[in-house]
Each structure stands twice: as structure tokens, then as C-alpha cells.
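Results of the structural survey
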Amino acid sequence: MTISPPQRPTTSGAAAVQLLTPEGERVAHPDYDVSFRDQDYRALYRDMALVRRVDIEATALQRQGELGLWASCLGQEAAQIGSARALRPDDFAFPTYRDHGVTWSRGIDPTLLLGQFRGVKLGGWDPNKHRCALYAIVIGSQTLHATGYAMGVAKDGALGDDGEAVIVYFGDGASSQGDVNESFNFASVFQAPVVFFCQNNGWAISEPSERQSRVPICERSAGFGFPGIRVDGNDVLACYAVARQALDAARTGQGPTLIEAVTYRMGAHTTSDDPTRYRLQAELESWKLKDPLERLKAFLYRQQIADRGWFQDLDGEADQLARRLRAECLSMPDPDPVTMFEQVYEEQTESLEAEQRGYADYLLSFEAS
Amino acid sequence: MTISPPQRPTTSGAAAVQLLTPEGERVAHPDYDVSFRDQDYRALYRDMALVRRVDIEATALQRQGELGLWASCLGQEAAQIGSARALRPDDFAFPTYRDHGVTWSRGIDPTLLLGQFRGVKLGGWDPNKHRCALYAIVIGSQTLHATGYAMGVAKDGALGDDGEAVIVYFGDGASSQGDVNESFNFASVFQAPVVFFCQNNGWAISEPSERQSRVPICERSAGFGFPGIRVDGNDVLACYAVARQALDAARTGQGPTLIEAVTYRMGAHTTSDDPTRYRLQAELESWKLKDPLERLKAFLYRQQIADRGWFQDLDGEADQLARRLRAECLSMPDPDPVTMFEQVYEEQTESLEAEQRGYADYLLSFEAS
Amino acid sequence: MSTTSLSLSAAINAGLRRAMEGDERVLVMGEDVGTLGGVFRVTDGLQKDFGEERVIDTPLAESGIIGTAIGLAMRGYRPVCEIQFDGFVYPAFNQIVSQLAKLHYRSGGSVKMPVTIRIPFGGGIGAVEHHSESPEAYFAHTAGLKVVACSGPADAFGMVQQAIASDDPVIFFEPKRRYWEKAEVDLTPGTPLPPLHASAVLRPGRDATLVSYGPCVQTSMAAAEIAAQDGLDIGVIDLRSLSPLDLDPVLDAVRRTGHLIVVSEAPPSASISSDVAAQITEQAFYSLEAPVLRVGGFDTPYPASKLDAHYLPDIDRVLDAVDRSLAF
Amino acid sequence: MSTTSLSLSAAINAGLRRAMEGDERVLVMGEDVGTLGGVFRVTDGLQKDFGEERVIDTPLAESGIIGTAIGLAMRGYRPVCEIQFDGFVYPAFNQIVSQLAKLHYRSGGSVKMPVTIRIPFGGGIGAVEHHSESPEAYFAHTAGLKVVACSGPADAFGMVQQAIASDDPVIFFEPKRRYWEKAEVDLTPGTPLPPLHASAVLRPGRDATLVSYGPCVQTSMAAAEIAAQDGLDIGVIDLRSLSPLDLDPVLDAVRRTGHLIVVSEAPPSASISSDVAAQITEQAFYSLEAPVLRVGGFDTPYPASKLDAHYLPDIDRVLDAVDRSLAF
Ligand SMILES: Cc1ncc(C[n+]2csc(CCOP(=O)(O)OP(=O)(O)O)c2C)c(N)n1
Ligand SMILES: Cc1ncc(C[n+]2csc(CCOP(=O)(O)OP(=O)(O)O)c2C)c(N)n1
Ligand SMILES: [Mg+2]
Ligand SMILES: [Mg+2]
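The structure presented is a predicted model; accordingly, all values stated were derived computationally and were not measured. (Residues numbered from 1 in each chain as written. Chains lettered and ligands numbered in written order. Predicted model: local features only at pLDDT ≥ 70, side-chain atom pairs only at ≥ 80, totals over all residues. Heavy atoms only, no water.)

Here we look at the sheet that holds strand β3 (residues 92–94) of chain B
Residue and element names in this part refer to chain B. To be explicit about the condition: When DSSP finds two or more bridges between a pair of strands, those strands are recorded as paired. The secondary structure listing takes helices from DSSP runs of H or I that are at least 4 residues long and strands from runs of E that are at least 2 residues long, numbered from the N terminus. Inter-axis angles, ranging from 0 to 180 degrees, are taken between N-to-C directions of lines fitted to C-alpha atoms, where helices are fitted over the stretch in contact. Contact criterion: two residues are considered in contact whenever any of their non-hydrogen atoms come within 4.5 Å of each other.
Taken together, 5 strands build an open sheet; the order of strands is β3-β4-β5-β9-β8 and the sheet is parallel. Of all the strands in the sheet, the pair left with one neighbour each is β3 and β8 (228–232). Strand-to-strand twist across the sheet, computed as the mean angle between neighbouring axes with direction ignored, equals 20°. Helix-sheet contacts for helix α6 (residues 141–155) involve β3, β4 (166–171) and β5 (194–200), and the interaxial angle to β4 is about 170°.

So, in C-alpha cells, the structure goes:
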């Protein structure tokens, strides 16, 4: 993909950047003019389709009692894939519990996610290896980590055309947290190379996004001294283009950007949630018409970038992936209880070692008898 | 004083509202057109002069070891008096440790402040009686209290032309705190009748205000959905006019306003601080030319609203006040140690009562021996 | 006396309802407490019945929730704040510890802070990180707060009303893994209640005493029953109030049994269990035939949920401690 | 061995300087730590010598300070954060307790968190509210954190360097009322240091043992000296590390003296003192001739500063406890 040189958004406001309409029509945009190759379009679709399949399989696994919980990203694939595919390998991402499209793009095997949601471990992967932090569950906390990390990038002198950038994901609900606003301010004051990517999916559990902000969230950043931009969060092309431009601005020392991707949480908040208690089916139906996969599929067909055979192959690949995940999930061993006492510290303490010994002996006492 | 009907500021930005120039010239403003009577001008000057005298006396008392600490409001009298005099009796103010002009305007005897800074008690007065909260020391915390209080005002249906409004004071440093930004959001979402009055005095201890925000603080509120306005914080007339309009907007149900009063901390942060370590004398000198009292004094003389005799009388009144405060300060008894255990709870606990008894007995054991 | 079978969640709901009916200054506020009725349904139906002005879905900001509740309390309201899960109370820590806890004292008694903070706490529900914590010691260590933990429906119904009626701030802990367990609750208005800050002897015992609170009370009761089959007579005391502690019944019991085991699932370091042990030892030194033993969670973060059963004290671990105490 | 007379503030400053010279990834960050050198001058001159990139005046937001320090640590830096006063650490509590403390565990050990948080703590300087607190128990109760408290210049110089060198997060408490007291400090590079998490026997004693930390160590030493004039041989142990606790020397002492008094100025409920009492009693039950007594602050907020002398344990209150213990 080629992209015009990074430039700062000149306007902020509520008109969302769009490059692909819900009907699958490619439209131009004066500021976000990315030219994708056919294989780029296909790759983006493939990512979204596979992530959706992972999501469906995980939801099923939870229903069958194999996972303790699952937070579905259904409907948000474009926002996640588009933005995360705009990252370079050295960039660093800070996702939330719902950003399976982000971890996917960072090369994290979905099996690792399942381990976490099954409860066999807490975090799933090595953040340094994948240049992707653990899922943040305490809402908003990760925005400060990302900002600090980005301050470190700048301190390292790792800015410039070959520089590094950081992206952090958070929700519309999170925008209310003090931490998120503090991170906006630190990022601005220190001109940290960080992109704040807010997926406004309409809901924070049962609360509509109007309960979090009276004005579009993208307008928040101006008062902290950096630009904010709204993007159609169900348009993977626009998400890619806008994120890429913001990342490039960050890596070349132009400071932070806030991106509000307007999307919709098509599923429940998590598998524990029952959205019929608080929102209308009609709302969901209207968003189905804006489905991020459908519109790209329509475009691929219409432009003859992919044909039925290609989609069938992809389905096959997705099924295979789902089968593998299921098998790996079911075969995950429960953790060894005595490991519970390990890695609390990098340098283990004597007292915790004693607790561990005590508990190991206690467990042994059952085997003896 | 009469004032045009409340209206929302249409613009926000860095041009500060001014009604009285540093040279003491009265200027007009299209949106903040207050007509003051002579006695209003004199009353505002008198307030500022007396508060300055209180401040000087308290600083002296601290130097002489009679107070543990003092936070001087020198240079900020106009911001404090102007805004707080715009309050109606039923309005409620939430000040910080530096806002002696605010407590003064709420009818709180400065002796009560001295008690707190001398360390004979923690808070100084009954907030309900004076409709003025205790001095907030944990930076930013009070902005949420004010917002909650204002939410309560709205819940009580106490809005309208005869309604109540709330004002909360905080500094440029405080604007960085998560709590302050959360309060902006709550106030906006719930349309609470609260005015956020930020005294940007250039410094948060040793950090210049640019370390707190890359853009004028008054621009912060737009991204939360309510207007922000900048005012010359050394112009008591402008502070009055802007605060009054914002308070009236609040009380009539038009929601919150952020006011940034640009002023200068002419003294040290507190008596423990040594500003020569971090700022140039020249900066202070330039601000002396904008002194809030001097400009009003020049105006009063020039307009013949007050003459030398009036100022001399005022000096006499100030000296008398200072003498009284000093005498009252010196005669404050140390607190009775066993009261330390009281009013931790509204309903005392048995265990704390036991601690109290134990300590009382312990003290008695010395008298016995 | 007529009783109704209610889950813990429903009992607290009934208590909230009663409090809201009795005093229109009582407000419920928090994340998802309105339309949804809370993620544990504790506030179910309240917004429908009392309106959006009294049951408030707040923005997602815990410091904001507690901070504005303080302001509402200054205005004369009695806010009942829900913190969605134990692990999410920390953003509000500053407002709780520096403001809510201290305002009465700081104002020389002129400001009242009738704020209740409800916190579902503890593990055992197979949750992801940050959803299984036991933060009660942080609050019990904080002067100016009152802290209670209910253990079952019958008690919770009254306790939550008493907490709301208190003019002091009360942190109200609810054992989330017991939310769906039912018991008979006496809903008769005017039924006399034990004081909020009194511990309760649930079961007298001659051989040793278990003292516990919240979710582990039931574990302790079950352990005592098993022990009874082995001929051991073990008493159980539910602390109910964690600050102030009501240790008189515990002292009584220790004077009779000489053996005390404190059961809680919090990490033991600098915990409430430590404090009970220290105080009881100080006050009943010569009655103790063994040191006070503490059965708890461990000094680790709450582990991955597949280890729930290992982290949480269970009947076996309680009985093991009883054996160790008796063998001392 | 050549030594230099330094105040506690200057000794920590020297330790910070040494750490920054030794590892360019060490950063100092906080409010007013740069040009001003901190309100207690602990970071005096560091920004001048190491530049603004390494000594960072942050915006006024404690959660922001700790949260960005976590990110910097992920990037390989070793941030040393200053919290200006004890009472202002609470806005950062969420980042400390849920993030800093848990990230190593949550990541299965793949993320290191070499963050040091320096906190001036305790009362006795005649300050206004929120400037005299002793919040150490909150952190000692939190798994994943290491917590230490220095008591004087000689020890602090090494301890702060060890804290910074630790790959675990360390909460480093500095007794603010001792900042200006001087002692001889050995600045010789390479001088062997005791382990960071070991307690130190400052004074052996046959009749009873005082165990303390931070500002009260000196009070305890003074009390022991006074007692010596009365013919009592009182030992003093400085805990130094509050999490993990190193209780072996305390157990040793208790086995010899049978009398233990824990001295700290924190509120006693659910405190570190309670924990020491509980653990020592558990491990040395038969050696104790009296219950472990706790001399502390009180279960009130820190009072108005004119009551400093009453709130803080002084020599008399310590000796009173010794008498009570010996008379048991
Ligand atoms: C500090 C904190 N408070 C509360 C929660 C409980 N909680 C989990 S997700 C959620 C809603 C988040 O909404 P949003 O930020 O919009 O993200 P989304 O779930 O829609 O992706 C809440 C309240 C939490 N995880 N952390
Ligand atoms: C939460 C918190 N952090 C730190 C401090 C220490 N402190 C006291 S005043 C101050 C600077 C405040 O600056 P600003 O908000 O601009 O108010 P000003 O003092 O200039 O009136 C700081 C850092 C505090 N009181 N509270
Ligand atoms: Mg959302
Ligand atoms: Mg300031």
C-alpha cells in the first residue's frame, strides 16, 4: 500500500472519514488518499473473516463451558484490523480485552487468548515478543502505559521516517476515565509518538455513548493540544488510512493524534451480558447493514478482486482455524497449583517461597493419606 | 450592579476578557457589559485591600513561627474577589488552600484560616453555614465535590432565575489531574449548574503552566461539551462579570462553564518555598505592572470615586484587622489532645472510645506521678 | 414472623428498595445500575420504579462516582454507590481515603458523609483478572470509614439498610460468589435488627472457634459441621463489621475454647486476619492454648481462575488449621 | 573506610546520583523534581547534571506519573518516581495496585517492572492535612510490590540504589521528619551492602525487643538508651523491609527476650504492626512471656499538627509499653 506523506488533520469534528461505503463503493477522500493493491484488499478481508471466525468459535466454546468468559469483537473487525494492520513491525500496540483483531494483526495465536479466557493463565503472551501489551481490563489504565512507552521511544531517539510509533485502544466508556484524560495531557505535553484509537461502539455495557460524552469523542483532544479525527469504524480502508497517517505523524515527531472510530458492538458486552435488557433490536439491525465484512465483500466481488472460489477457500481456512483452536482449547491442561506462587516477583521472596512450600506440603499430605 | 441577561459565550479562545486595563482604564466588552456603581467599585477595592492585608499579616505570622505554613494569594485578589463577589448568598463555593479572597467573600473570618494554618485544627469553618467548602489541599479533588453538589442542586429543582449555582476553584496545575477532567465530564453529561474557575497563576510550585497544558486551559472544556472563556485574572471587574454570567447560566439550567483567569502568583508557592530557585525576578516585575489593586486604585482616583482620605481610612481599617488577627492568632489555645479521637465518626465507635480512654488514662498517669 | 426465600442479590435489592422508599434522599449511582440493574442485578428494577433522578447510570469513572457522591452528600443526599467489581475500586481510592473518610473529621464534625459504597468482592466465580479481589483491609486500615461485609441474604437485607441509614461512610462488601444462594429473609417492616457493627455468633463451640466474614462464613460453617461428625465442637463467629471490629464475642469464645482460627480469602499480609490475631492475643493472651492461626488466600495476586479452588480457603484447609491449632 | 556527614535528604540524593551515573536508563520523574530539586531537595541538582530527558518535571497528576512510568519500564527504562507527600499517592493507587504490582505476574514473568516510587512519609513536621500520613500498610498488603523504609542517611544511600537496581517495583518510604538529620555515610563505591530486604539488629538486648521502621527507629533507639539508664537491656531491630518482612532476627530476639513491642506511627488497625504481631506469635508462641504489644499512631486521621507530639509515639509511650510488657 502506498500513502501520501503524513500530514496533520486540519479539521476535527464529526464528519467521519470514509473510503468504502456500506454498499461497498470505494469513495475518495481529499486527505486520506491511500491506494490499495488487490492483494491488500484481499488480505484485509481475510484478516477480518478469520478474526470473526475466531470470535464465533470462542463464543461457542464459552457457551459450552470451555471458557469462563468471552468478549466478542463482532462488528468491530474493520476498526481493529484496519488500524492494527497500519502498524509497522516495530510499532507497539496496547489493546483491550475486546481487541482480538489487534492481537491477530500482531501475530498472536488466538489459542493464547483462549488460555486467558479459559482461566488457565492471566495474560496470554509475551508483550515484548509481539510488540503488543497484554489485554487491559482495568478501563483506561493502558492509555498511560502507552503514553509512557511512547515517551520512551522519543527518549531513545527512535523517531523519524524509520521511527517507531505506539497505538493504544480504548472504548467510548473509557473516555470518561481520569487516566485517559491524563494520558492525553502527558502525550501532548511530552509530544509522545502515540495514537489514541477509540472504538466508539455505541455502548459501555448497558450505557449508551451519550452517557459518556455530550460531544463527539474526537473533539476531546483539541483541548489538550492535539488533533482528533473521526473515522467510519466499519470501513477497514478508512481505518487503515487514518491510523497510518496518525502513526506516521507520531513516528516523525509530530505528536499524538486521537482517532474515534465509530462502530458498533454487534454482540453482547461479554458472554455474561444480556443486551436485550437495555437496547433495541432495531438498532442492531440498522448496524447490520453497515457490516464491515459485507461491504468489503461486495467491493471485492464487484471489482472482481476475489471470486466465489476465493471466498470458499477462505471459509475452509477459517473452519480449519476454528477446529484447531477448539482442539487446542480443550486440551489445555489446568495450571499446576504451586506455580501460583511464582512470578509474583522477578526475584522471589523467602516468605512467598515458604508459602509455596507450605501449600505444596499440604497438597502432598492428601496424596500420602 | 446590573448585568445583561445570561448568555453563553459564543467563542472560546485565548483572548482574555478585560474591563479594566493595567493602567486603570475602563474598557467596554461586547459580551460582558456590567455597569458598576461607585460603591461597587469601592467595595471591590476594599475587599482586595483587606484580603491583601490579611495575607501579609499571615505571612508575617508564619515568619515569626506563629503559623506552620501560609499559602499566599498575593496578586490573585482580583480573580478571587471578582468571582466570589459574583456569588449570591445561596450559591456554594469550593475553594483551594490559596483562595483567601473567596473565603473572605463568603464571610469567613480570617481568624478561622489562621487556626488551620497554625495547626490547632484541620478545617476552619462550617461549610454549610458559609456555603463554602473547606480548603481543598488534595489537588483537584474538590472539582468532583462541586459537581456532585451541583447535581444535587439540579435534583432539588433549585434552578431558575432564583436558583442556586456552584463555583469551584482550582489552579493551572490542577487542570492535569484526572479528577478535574472527570468532573468536567460529569458536569457536562448531567448539565450540572457549576462554574469551573481556574486561576492560572503561571505556576504550580516550580512548574510553569506550559508544563500542564500545551494549549490555553480555557480550551479544555469544549471537548467535554461546554464553553470555556479566558478572563484577565487581575481585572476584578472582568472576573466579576464573567463569573456572574457563567453563574447565571448555570443557575438557569444552561450547564457548566469553564473560566480561566490569567493571573500571577506574586509570592512564593507557600512560606516553605523559595521561588528564586526556579523563576526570574523579571517575570515578577512585569506582573507587578499588572497588579490588580493598583489598576483599580488608579481608576478610583482618576474617576474620583475615592480620594486619599478614603484610602487612608481603608489602610486604618486594614491595620486594625491585622492587629485583631494577630492577637487572636497568638491567643489560640492548643487543642486538647483527647479531642483527637472525636468526630472521626458521626457515631463514635467503641474501639475508638477505648483508644481515647486509654490515652487519657496514660496522660493522667503523668499527672499522678 | 413471615419470611421469603431470596437470593443474596435479591435480598440486597429488597433492602435498597426499602431504603429508597423510606427516604427520598437515598440515591443509587454507578455503572450500569439503571436500565441493566447492575451486572449482578442487585439494582434490578430500581430505576424503573424510582426514576432516573434517583437511580443514576454514571459515566465510566469511579473517582467521579465517589467524588460526586461526596458532593451530593454535602447537599443532603444519601448516595449508595455501586463499584462494579472489587478490582475497580482503586481509581476511587483517593476520593475514598482522603476525602470521604476524612471530611467529617476535617470539618470538626460539621459535614456528614452518609455515603454507602457497595462492592461485590472475592473470588470463586471463574472470572478474568481484577474481578476476584478482596480489598477490605485497605479500607479497614483507613480511619473515618466504617466497613462491613454481609455473608448471606437474611443479614444483608437489614445490613444494607443500616449502612444507608448511617451518617458515616460505610463500605459495604458483598460476597459475589454467594449472590445466587438463597435463604429465608424476614421482610417484615420494623423487625428489630442486630446493630450493624456487631459480630454474630452463628454457632457456639467448645473445642475451637472459627472467626470469618463475607464469603468464607459459609465455608467455616460447613467445616464446623464436618468437624462435628468427627466429634469436634467448633464455634463459628461472623464478624460482619470489619471496622470497627466487634471482638467481644470472639474474646468470650477464645476464653472458653483457647483455640482461634481466622478464615478469610484475602492475602494474609497486613490483613484483617492479622489484626484480629494481634488484638485477640493482646487481650486474651493467657486464654490461648495455641497461637491464633490465619487461613487465607495467599500473598500473590489472585491467580488464573482455574486455580480458584486452590487459592480460596476450603473446608479442608480450615480443618487442617483446626487440627494444627488443637495439636499445638 | 572514609565517610562523609550527610543529611538523609543529601544521602538519598547521593544514592540517586550514583544510580543515574551507573545506568543511563535510570530516570527521575515527578512534580517539581527538576529545577526545584523536589520540595525536600532530594533531587537537588540532578536535572542540572543529567538533563531534562532524565530528570522530568511531570504534569501534576500522580496516576499519570506512575502510569507513564510503567510504560517507560516496559520500554526498558528504570523510572524513579517521586510522590511529593504521602497523602498524594492515592490518585496513583489504581496504577500501583492493579498495574505496577501485577504486571509481572499477569504476564507470566515476561514483563519486568523496575520502578521505584519514593514517598516522604510520616508526621512531625507541623504540616497541614494530608502531609503527615503513613500509608505503608496499603502497599505491604499488596502482593507484587516490595516495600522498604529507610531510617537514616547511612542506610538510605545504599537502599535507594538497591531499590532502583531491583527488577521488581519497590515502594521506597523516606521518613520526612528525619530528612535534615545528619549521620556519617560511606560513599566508597563498591562498599558491600546488606540485602535490601533484611532487617537489621541495631542494638541487641536481653530484657525486651523493640522492632520498628522509618522515623520511629530513632525514637526506639532513644527509648532503649533511656531504659538502659534504668538498668533495662532493650534490643532494637530496624525492619527496613516492610514487604517482604524479614522476621528471623525478630524471632531470634523474641526467643531470647520473650517480650516484643512493635513501634510505628501508622494507625494500628490492619497495620504492619498487627502483621508482625500475628506472625511472631504464630512462630514463637511458647517464647512469648507477654503478648506482642503495638505502639502506634491512633485509628484517627492524622490530627491537626499541634497534636503531632500526642499522635506520634514518643519515648515515653514506648517505655510505657515496655513496662506493660514486662509487667505482664
Ligand atoms: C476501572 C474499571 N471500571 C469498570 C470496569 C467494568 N467494565 C468492564 S468493560 C466496561 C465497559 C467498557 O466500555 P467501553 O470503554 O466503551 O469498551 P467496550 O466494552 O464497549 O469495548 C466496564 C464498565 C472495568 N473493567 N474497569
Ligand atoms: C494530589 C496532590 N498532588 C500534589 C500536591 C502537592 N502540591 C500542593 S500545591 C501544588 C501545586 C498546585 O498548583 P496549581 O494547581 O497551579 O495551584 P496554585 O498552587 O498555583 O494555586 C502541588 C503539586 C497536592 N497538594 N495534591
Ligand atoms: Mg464501548
Ligand atoms: Mg498555579
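Remarks on the relation of the copies chain D and chain C
Our working rule: Copies overlap after least-squares fitting; the atoms used are the C-alpha atoms of residues with pLDDT of at least 70 in both.
Screw-axis analysis of chain D against chain C gives a translation of 0.0 Å along the axis, an RMSD of 0.0 Å, and a rotation angle of 180°. The superposition of one copy onto the other is thereby described by a two-fold rotation axis. A shared binding surface is used by both copies, with 100% of the interface residues of chain D retained as interface residues in chain C.

Here we look at the site of ligand 1
Here is the rule: Here a residue is considered near a molecule or strand provided that any single heavy atom belonging to it is located within 4 Å of it. N or O atoms closer than or at 3.5 Å make up a polar contact, with two conditions inside protein: a donor-capable atom paired with an acceptor-capable one, and, for residues adjacent in sequence, both atoms drawn from side chains. Using the Shrake-Rupley algorithm and a 1.4 Å probe, accessible areas are obtained, with residue cover drawn only from the displayed protein chains. Note on residue classes: Ala, Val, Leu, Ile, Met, Phe, Trp, Tyr, Cys and Pro are nonpolar, Asp, Glu, Lys and Arg are charged, and everything else, Gly too, is polar.
Looking at ligand 1, there are 20 residues lining it, with Y97(A), R98(A), I137(A), D172(A) and E62(C) nearest. Those chains with residues close to ligand 1 are chains A and C. In the model, an oxygen atom of ligand 1 is placed 2.7 Å from a nitrogen or oxygen of the D172(A) side chain. At 2.9 Å from an oxygen atom of ligand 1 is found a main-chain nitrogen or oxygen belonging to A174(A). Within the complex, 96% of the 580 Å² of free accessible area of ligand 1 lies under protein. Its residues assigned to classes, the shell around ligand 1 shows 10 nonpolar, 6 polar and 4 charged.

Here we look at the interface of chain D and chain C
Counted only if it meets this: Accessible area, probed at 1.4 Å, shrinks when two parts are joined; the buried area is that loss added up over both. A side-chain nitrogen of Lys or Arg and a carboxyl oxygen of Asp or Glu constitute a salt bridge if their distance falls within 4 Å.
Contact with chain D, which involves 48 residues of that partner, is made by 48 residues of chain C. Of the roughly 4,300 Å² buried between chain D and chain C on both sides combined, carbon and sulfur atoms contribute 62%. Among the salt bridges present, the one from R106(D) reaches E129(C), with a minimum N-O distance of 2.5 Å. Applying the counting criterion to the chain D and chain C interface returns 16 residue pairs in polar contact (both at pLDDT 80 or more).

Details of the environment of Q245(B)
Residue and element names in this part refer to chain B. The condition is simple: For every residue, the accessible area obtained with a 1.4 Å probe (protein chains only) is divided by the maximum for its type, and the residue is called buried under 20%, exposed over 50%, and partly exposed between those limits.
As for its position among the elements, Q245 is in helix α8 (residues 236–251). The exposure class of Q245 is buried, given its relative accessible area of 4%. As for Q245 and V195, which are separated by 50 residues in sequence, their C-alpha atoms are 9.9 Å apart.

With respect to the interface of chain A and chain C
Taken residue by residue, the interface counts 40 residues in chain A and 40 residues in chain C. Around 3,300 Å² of area is buried between chain A and chain C when both sides are counted, 62% of it from carbon and sulfur atoms. Seen at the junction of chain A and chain C, the total is 1 salt bridge. Across the pair R277(A) and D44(C) runs a salt bridge whose closest N-O atoms are separated by 2.7 Å. At the junction of chain A with chain C, the criterion picks out 13 residue pairs in polar contact (both at pLDDT 80 or more).

What about the coordination of the magnesium ion (ligand 4)?
Residue and element names in this part refer to chain B. What counts, and what does not: The rule for donors is simple: an N, O or S atom within 2.8 Å of the metal counts, and for Na, K and Ca the reach is 3.2 Å. Water is not among the atoms, so a site may look short of donors.
Protein-derived ligands of the magnesium ion (ligand 4) are D172 (OD), N201 (OD1) and W203 (O), with the metal-ligand distances lying across 2.0 to 2.1 Å. Of note, the magnesium ion (ligand 4) draws all its donor residues from one chain, in the sequence arrangement D-x28-N-x1-W. For the residue pair N201 and W203, the accessibility class agrees, reading buried in each case.

Quick look at the sheet that holds strand β8 (residues 228–232) of chain A
All names here are of chain A. Taken in spatial order, the 5 strands make up an open sheet running β3-β4-β5-β9-β8, and their pairing is parallel. In this open sheet, the two strands that pair with only one neighbour each are β3 (92–94) and β8. The mean angle between the axes of side-by-side strands here comes to 20°, regardless of whether they run parallel or antiparallel. The pairing of β8 with strand β9 (residues 257–262) spans 5 bridges and is classified as parallel. Looking across to β9, one finds that I229 is bridged to I259.

Description of the pattern of salt bridges
Applying the stated criterion across every chain, the model contains 84 salt bridges over all chains. In this structure, R53(A) and E57(A) form a salt bridge, with 3.1 Å as the shortest nitrogen-oxygen distance. With R53(A) and E57(A) both in helix α1 (residues 38–63), this residue pair falls 4 residues apart, about one helical turn. Look at E57(A) and you get buried, because its relative accessible area is 10%. We note a salt bridge from K176(C) to D86(C), for which the minimum N-O separation is 2.4 Å. Here K176(C), found in the loop between β7 (170–175) and β8 (182–186), pairs with D86(C), found in the loop between β4 (78–82) and α4 (93–100); they are 90 residues apart in sequence, far enough to count as distant. This pair shows no difference in class: K176(C) is buried, exactly as D86(C) is. Here the residues in one salt-bridge network are R88(A), D91(A), R244(A), D248(A) and R251(A), joined through shared partners.

Considerations on the coordination of the magnesium ion (ligand 3)
Residues and elements named next belong to chain A. Protein-derived coordination of the magnesium ion (ligand 3) comes from D172 (OD), N201 (OD1) and W203 (O), at a distance range of 2.0 to 2.1 Å. Counting along the primary sequence, the residues that act as donors to the magnesium ion (ligand 3) give the motif D-x28-N-x1-W. One end of the pair, D172, is in the loop between β4 (166–171) and α7 (178–189); the other, N201, is in the loop between β5 (194–200) and β6 (203–204), with 29 residues separating them in the sequence. An identical accessibility class is assigned to D172 and N201; each is buried.

As for α8(B)
Side chains of residues three or four places apart in an α-helix project in the same direction, reflecting 3.6 residues per turn. All names here are of chain B. Just so we agree on the cut-off: Helix span, expected: 1.5 Å multiplied by one less than the number of residues in the helix.
An ideal rise of 1.5 Å per residue puts 22 Å on 16 residues; α8 measures up with 22 Å between its terminal C-alpha atoms. Burial within α8 is extensive, with 16 of its 16 residues counted as buried. Put simply, D235 is the residue that caps the front of α8, since its side-chain oxygen is 2.9 Å from the backbone nitrogen of L237.

A closer look at the packing of aromatic side chains
Defined as follows: Stacked, tilted and edge-to-face are the three classes assigned to paired rings of Phe, Tyr and Trp, where Trp is represented by its six-membered ring and a pair needs centres within 6.5 Å; plane angles under 30 degrees give stacked, over 60 edge-to-face, the rest tilted. Placement of a charge over a ring requires the Lys NZ or Arg CZ to be within 6 Å of the ring centre, with the centre-to-atom vector within 35 degrees of the ring normal.
The final tally for this structure, using the stated rule, is 86 aromatic pairs over all chains. A ring pair is formed by F184(B) and F226(B), whose centres lie 5.8 Å apart and whose planes are at 85°; its orientation type is edge-to-face. In this pair, F184(B) is assigned in helix α7 (residues 178–189) and F226(B) in the loop between β7 (207–208) and β8, connecting sequence segments 42 residues apart. Here the aromatic cluster, defined as three or more aromatic residues joined through ring pairs, consists of Y90(C), F93(C), F121(C), Y138(C), F139(C), F173(C), Y90(D), F93(D), F121(D), Y138(D), F139(D) and F173(D). Above the ring of W287(B), the side-chain terminus of K290(B) is found at 4.0 Å from the ring centroid. Lying over the aromatic face of F311(B), K297(B) brings its terminal NZ or CZ to 5.4 Å of the ring centre.

Quick look at the site of ligand 2
Taken together, the neighbourhood of ligand 2 is formed by 20 residues, with Y97(B), R98(B), I137(B), D172(B) and E62(D) sitting nearest. Looking at what sits near ligand 2, you find residues from chains B and D. Between ligand 2 and Y97(B), the relevant distance is 2.7 Å, taken from an oxygen atom to a side-chain nitrogen or oxygen of the residue. Within the backbone of A174(B), a nitrogen or oxygen atom sits 2.9 Å from an oxygen atom of ligand 2. Protein chains shield 95% of the accessible area of ligand 2, which is 580 Å² for the free molecule. Looking at the shell around ligand 2 residue by residue, the class counts come to 10 nonpolar, 6 polar and 4 charged.

A word on unusual backbone geometry
All names here are of chain C. Here the residue pair S243 and P244 is connected by a cis peptide bond, since its omega of 0° sits within 30 degrees of zero. You will see that R41, though not glycine, has its phi angle at about 65°, which is positive. Among the structural elements, R41 can be located in the loop between β2 (26–30) and α2 (46–50). Even without being glycine, A270 reaches a positive phi, approximately 50°. Structurally, A270 can be placed in the loop between β13 (260–263) and α10 (272–283).

Thoughts on the pairing of β5(B)
All names here are of chain B. Applied cut-off: Seen with the strands pointing away from the viewer, any crossover whose path from the first strand over the helix to the second strand runs clockwise is right-handed.
In terms of burial, β5 is a largely internal element, 7 of the 7 residues being buried. Burial along β5 is two-sided: the residues V194, F196, C198 and N200 and V195, F197 and Q199 are all buried. One ladder, built from 6 bridges, connects β4 with β5; its direction is parallel. Residue pairing for β5: F170 is matched across the bridge by C198. Of the crossover connections in this fold, the one passing from β4 over α7 to the parallel β5 is right-handed. Bridging between β5 and strand β9 (residues 257–262) involves 6 bridges; their strand directions are parallel. If you follow N200 over to β9, its bridge partner there is V262.

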